[in-house]
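These are the residues of each chain, in order.
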Amino acid sequence: MIADPKQQPLDDTLDKVEGVEEDVDDVGNDGNDASKPKKRRKRKTKAQAIAEGRAKEEVKQEPATQSEPPRVGLTKIFVDGIFPDGEVCEYLNDNSYRTTSAEKKHLEKLANENLDETYNNIRRAAEVHRQVRQYAQKTIRPGMSMLEIANLIEDGTRALVEEDISGKLQSGIGFPTGLSLNSCAAHYTPNSNDTIALKESDIMKVDIGVHVRGKICDSAFTIHWDHDYDPLIKAVKEATNTGVREAGIDVRVGDIGAAIQEVMESYEVTVPYKDGRVGSATFPVKAIGNLTGHNITPYKIHGGKSVPIVKSRDQDKMEEGEYFAIETFGSTGRGRVVESGEVSHYALNHGIKNPPLRLETAKTLLKTIQKNFGTLPWCRRYLERTGTSRYLLALNNLVNSGIVQDYPPLYDAPGSMTAQFEHTILLRPTCKEVVSRGDDY
């Protein structure tokens, strides 16, 4: 029998599940099947099986649209599971061959076939970052408390990345949201008893981290309303873009620092006196020399390599496949920071196993930290979200034992102003991808 070419046969799975038969013996009452020829039944098309209720119609999932405030998980918007690329930059000079190299393209293919290594993980994290920060940029206003701002950002991040609360840490916040103000350059996020409110005269660094399967997108920007400080903001943004441009496979990090410093310190800021005096003061913009960018490894925001933002003799080279946070900090002050103030940021020290602890509450707290954060940084508010309370004695014991590292806020000179911009880049075998790049910066 010749099959109707307009009919599409059911697949094998449907045949097995629904019991569709092809060959059926027409057996006589006497049990002798040799007396009659075999009859072949027509196979049902899938459309016919669906119409008869013997198969389910495949329903294509329609992508959702983002809400405001953002609360829709990205897998519901990008239903094909493919997330947007970042800014792709071709390698130059000795590395230009990589763009068309079959070998390098094959390496990328292998990476994308690995669920832990696929570039889709960092791209998903980066798209969460873009959507959350763009909402934050248009929503944050003077008068809001630091806690309001932190919750605004973190609630959005948790929803969009579809935070894994099973303990497997498959997706979530990459590190505490930095909201450092004015002369504080880094490592401030509000503790739960914080009462600080944002003022129109403030300059706030917003540093957000998002991770998917341990691939952390680390990117930061600066918010300000006093236009006298526009040159500071421009200097730092241009310096970060310079660092991104200079970065690449086999590039020495010390050379990147020199290029960043040259751009940053070509700017100056002139500010009218605020104390009633007539006139103004001019400040050169200085790169904060004891802050650096860094490489990022799975579940570790600082992977061991630093990217200086001033001229340096550091001969370390960037390598194929590495992730880097290119971040720069500029200041109207001395260009160096010191630790000061109440601590909010913490992280487990890497490599410490079975530490000797006498305090039972410290042992319990350590288990809570390991389960909920692993090697990812965290803050006191995150600890309290786990239901932990009255933990300060145990936490101090872990810090004093060297098991947990505390990260106090970092301040330049009193009265100075600081700014920050940061991007995460991926040194793919065939190109450099600025995964956190957006229309905003």
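*Asks:* Explain the overall build of the protein chain to me, please; I cannot follow it from the model alone.
*Replies:* A tally of regular secondary structure across the protein chain gives 11 helices and 20 strands. Buried positions account for 48% of the 441 residues belonging to the protein chain. Of the contacts made within the protein chain by residues no fewer than 6 positions apart, 73% connect residues no fewer than 24 positions apart. Within the structure as shown, the protein chain displays about 22,700 Å² of accessible surface, and the carbon and sulfur contribution to it stands at 48%.

*Asks:* Any chance you could explain the sheet that holds strand E16 (residues 378–379) here in plain terms?
*Replies:* The strands making up a sheet associate through hydrogen bonds between their backbones, and the pairing can be parallel or antiparallel. In space, the 3 strands of this open sheet follow the order E16-E15-E17, with antiparallel pairing throughout. Looking at which strands have only one partner, the edges of the open sheet turn out to be E16 and strand E17 (404–407).

*Asks:* Sorry if this is basic, but what is going on with the pattern of salt bridges here?
*Replies:* Two side chains carrying opposite charge are able to pair once their charged atoms lie near each other. A complete count under the given rule lists 27 salt bridges for this structure. Close ionic contact of Lys274 with Asp228 constitutes a salt bridge, the shortest N to O distance being 3.7 Å. Separated by 46 residues along the polypeptide, Lys274 in the loop between strand E8 (268–272) and strand E9 (280–284) and Asp228 in the loop between strand E7 (215–224) and helix H7 (230–246) bring together distant segments of the chain. What makes Lys274 exposed here is its relative accessible area of 59%. In this structure Asp228 comes out as partly exposed when scored by relative accessible area, which is 28%. Sharing partners across several salt bridges, the network here consists of Asp85, Glu108, Arg123, Arg428 and Glu433.

*Asks:* Looking at this model, I keep getting lost on the confidence of the model for the protein chain. Mind explaining?
*Replies:* Confidence along the protein chain averages 90 in pLDDT terms, with 87% of residues attaining 70 or more. Predicted confidence for residues 1–31 stays below pLDDT 50, and this span has 43 contacts to residues more than four positions away or in other chains.

*Asks:* Which parts of the structure should I look at to understand the sheet that holds strand E18 (residues 410–411)?
*Replies:* What the 3 strands build is an open sheet, ordered E5-E18-E14; its pairing is antiparallel. Pairing within the sheet leaves two strands with one partner each, and these edge strands are strand E5 (184–186) and strand E14 (338–339). Sheet topology places E14 next to E18; 2 bridges connect them, and they run antiparallel. Residue pairing in the sheet places Glu339 in a bridge with Leu410 of E18.

*Asks:* I'm lost on helix H6 (residues 146–160) in this one. Help?
*Replies:* Residue pairs spaced three or four apart in an α-helix point in one direction, given the helix's 3.6 residues per turn. An ideal rise of 1.5 Å per residue puts 21 Å on 15 residues; H6 measures up with 21 Å between its terminal C-alpha atoms. The complete set of buried residues in H6 reads Met146, Ile149, Ala150, Leu152, Ile153, Glu154, Gly156, Thr157, Arg158 and Leu160.

*Asks:* Even after reading the chapter, I still don't get the side chain of Thr157, so can you show me in this structure?
*Replies:* Inspection of the secondary structure puts Thr157 in helix H6. A residue is classified by how much of its surface remains accessible, and Thr157, at 1% relative accessible area, is buried. Of the polar contacts made by the side chain of Thr157, one reaches the backbone oxygen of Ile153; its length is 2.9 Å. In this structure Thr157 touches Val128, Val132, Ile173, Ile208, Gly209 and Val210, once residues within four positions along its chain are discounted.

*Asks:* How do you make sense of the packing of helix H5 (residues 119–139) against H6 when you look at a structure like this?
*Replies:* In a packed pair of helices, the relevant descriptors are the angle between the two axes and the axis-to-axis distance. Following both chains from N to C, one finds H5 and H6 inclined at 150 degrees, their axes separated by 9 Å at the closest point. Classified by the angle between their axes, H5 and H6 sit roughly antiparallel to one another. When the axes of H5 and H6 are compared, the crossing they make is right-handed. Between H5 and H6, the residues in contact are Val128, Gln131, Val132, Tyr135, Ala136 and Thr139 and Leu152, Ile153, Gly156, Thr157 and Leu160, respectively. Counted by class, the contact of H5 with H6 contains 7 nonpolar, 4 polar and no charged residues.

*Asks:* Can you help me understand the packing of H7 against helix H8 (residues 253–264) in this one?
*Replies:* At a closest axis distance of 8 Å, the pairing of H7 and H8 adopts a crossing angle of 155 degrees. As the angle between them shows, H7 and H8 are arranged roughly antiparallel. Crossing of H7 against H8: the hand is right-handed. Residues Ala235, Val236, Glu238, Ala239, Thr242, Gly243 and Glu246 of H7 touch H8, and the partners they reach there are Ile256, Ala259, Ile260, Val263 and Met264.

The rules we used
- Residues numbered from 1 in each chain as written.
- Predicted model: local features only at pLDDT ≥ 70, side-chain atom pairs only at ≥ 80, totals over all residues.
- Heavy atoms only, no water.
- Helix = DSSP H or I, 4+ residues; strand = E, 2+ residues; numbered from the N terminus.
- Buried < 20%, exposed > 50% of the residue type's maximum accessible area, 1.4 Å probe, protein only.
- Contact = heavy atoms within 4.5 Å.
- Areas by Shrake-Rupley, 256 points an atom, 1.4 Å probe, with all protein chains shown as cover.
- Pairing = 2+ DSSP bridges.
- Salt bridge = Lys/Arg side-chain N within 4 Å of Asp/Glu carboxyl O.
- pLDDT = per-residue confidence, 0-100.
- Expected span 1.5 Å × (residues − 1).
- Polar contact = N/O pair within 3.5 Å; in protein donor to acceptor, adjacent residues only side chain to side chain.
- Axes fitted to C-alpha atoms, helices over the stretch in contact; angles between N-to-C directions.
- Parallel < 35°, antiparallel > 145°, perpendicular 65-115°, else oblique.
- Left-handed = near helix turned anticlockwise from the far one by under 90°.
- Nonpolar A, V, L, I, M, F, W, Y, C, P; charged D, E, K, R; others polar.

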